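# Breakdown of the fold
Each chain is listed here by its residues.
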Amino acid sequence: MFFICSVCIYITAQEKKTIDSTYIKSFPDKVSVRINIDTQEDLFSIYNADDNSQLTLQSNNSFRLFVSLDYKFIGGSVGFAPKFFSDNNDTYLKGKSSYTNYKFRFFLGKWVQGFEFSKVRGFYVENSQDYIANWTENKDPYIQFPDLKYLTIGANTSYVFNPKFSFRNVLFQSEWQQKSAGSFVPTLYYDYNRTSLPLETIKIAEDFFNVRLALGYYYTLVVKKKGFVSAYLAPAYGIRFSKNTNTTQNETSRSNDTYTTQYLDGGIQLGYSSDHFIFGSQLNFSANAYKEEGSKTISQGKSYLLFYVGYRFNPPKAVARLVDKISLKKKSDL
């Protein structure tokens, strides 16, 4: 950790030399706080070509709340699905779901390094009408799997080619893009995932490790200096290493497989930025798929709206003094 902090501070000092201040306004001495609400839901779809059947699993989290904090070269956020939204409390029809998300990020010049932990518990079968005769929507409960869990522990590494383009303005609103610009931003994702479902007589689990490279392009159009429109598209290809485990009282069976995966992410954002206030909205989509056992296609998709509002302010003096002391010490050591 000592070494990482030293490198972060050194590269942050060099970043001032690479940022084009006529295009990007940075706030190295400000804390950026942002609150956003989105309509993102986890969705898994299993399609069997042999009989044309499909099983669609979805979590009962219609609204999610995130609180983000960025200061100098580091940032982080906490996300959860609050119960004060009525759509998150429709437990009779869709069952109970919970959601927890933690993210951390480091800005290292043109590099952005991110880490994420996410856990979702509780899913329902969105197409229950295909499995229950005379099932009526908004009246009959969906088929529910309250103990189905999906865990993700991952990281991502991005590189921004164009120094006139602010990646931080698009993703975290911790900078201000003042002139229109775009950039090619390749990102390497690597994550561990676990899906588990305990049933009465058997426990089913899948552990898989994903590696993929996304070749994204981002562009921000500045409108009357303080307004902006951003869009991006990022196709990606990768490999998934999977281990399936079925456990009963008498035995445990395991199988290992490797798949090629395809991804496509994209979105558009309308925002407003100033020295202190930021707000805006986004429409994002994400889809990925891979084939399993020749006839089965597993896909995961998300499309959601996001609304955010934020504020930039001076940090507490004690925090600013501590970070300044560390910066001076590390600069002298380097």
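Since the structure is predicted, the reported quantities are computational estimates derived from the model, not experimental observations. (Residues numbered from 1 in each chain as written. Predicted model: local features only at pLDDT ≥ 70, side-chain atom pairs only at ≥ 80, totals over all residues. Heavy atoms only, no water.)

### Quick word on the overall build of the protein
The cut-off we apply is this: Each helix corresponds to a stretch of at least 4 residues labelled H or I by DSSP, and each strand to a stretch of at least 2 residues labelled E; elements are numbered beginning at the N terminus. Remark: exposure states derive from per-residue accessible area (1.4 Å probe, protein chains only) relative to the maximum for the residue type, with buried under 20%, exposed over 50%, and partly exposed in between. When checking whether two residues touch, look at their non-hydrogen atoms; a contact exists if any pair is within 4.5 Å. Areas reported as accessible are Shrake-Rupley estimates using a 1.4 Å probe. Residue values count occlusion only from the protein chains shown.
The secondary structure content of the protein amounts to four helices and 16 strands. When each of the 334 residues of the protein is scored for burial, the buried share is 43%. Taking the intrachain contacts of the protein between residues at least 6 apart in sequence as the baseline, contacts between residues at least 24 apart amount to 67%. Approximately 17900 Å² of the protein is accessible, and the part contributed by carbon and sulfur atoms is 60%.

### Let's talk about unusual backbone geometry
One non-glycine residue, Asn138, lies in the positive phi region at around 65°. Looking at the secondary structure, you find Asn138 in the loop between strand 8 (111-125) and strand 9 (144-159). On the accessibility criterion, Asn138 (63% relative accessible area) is exposed. Of note in the backbone geometry, Lys224 takes a positive phi value of approximately 50° without being a glycine. Within the secondary structure, Lys224 is located in the loop between strand 12 (203-223) and strand 13 (227-247).

### Focus: the environment of Phe165
Relative to the helices and strands, Phe165 resides in the loop between strand 9 and helix 3 (167-171). Once the C-alpha coordinates of Phe165 and Ser180 are considered, the two residues, 15 residues apart in sequence, prove to be 8.0 Å apart.

### Brief notes about the packing of aromatic side chains
Formally: Centre distance within 6.5 Å is the pairing criterion for rings of Phe, Tyr and Trp, where only the six-membered ring of Trp is used; planes under 30 degrees apart are then read as stacked, over 60 as edge-to-face, and the remainder as tilted. As a reminder, the over-ring test applies to NZ of lysine and CZ of arginine, requiring each to be within 6 Å of the ring centre and within 35 degrees of the ring normal.
Evaluation of the coordinates by the stated rule reveals 15 aromatic pairs. Where Phe66 meets Tyr99, the ring centres are 6.3 Å apart and the plane angle is 70°; that geometry is what we call edge-to-face. Remark: Tyr99 occurs in strand 7 (residues 98-108) and Phe66 occurs in strand 5 (residues 64-71); sequence separation between them is 33 residues. In this structure, Phe66 and Tyr99 share a single accessibility class: buried. Among the aromatic residues, ring-to-ring pairing joins Trp111, Tyr159, Phe161 and Phe184 into one connected group. Positioned above the aromatic ring of Tyr99, the side-chain terminus of Arg64 is 3.6 Å from the ring centre.

### Looking at the confidence of the model for the protein
Stated formally: Each residue carries a pLDDT value, the predictor's own confidence for that position, ranging from 0 to 100.
Here the protein shows a mean pLDDT of 84. Residues at 70 or above account for 84%. Long-range and interchain partners of residues 1-7, a stretch whose pLDDT sits below 50, account for three contacts in this model, where long-range means more than four residues apart.

### A look at the environment of Asp257
Following the sequence through the fold, Asp257 ends up in strand 14 (residues 252-273). As a C-alpha pair, Asp257 and Phe241 span 16 residues in sequence and 6.1 Å in three-dimensional space. Residues in contact with Asp257, not counting those within four places in the same chain, are Arg240, Phe241, Ser242 and Asn244.

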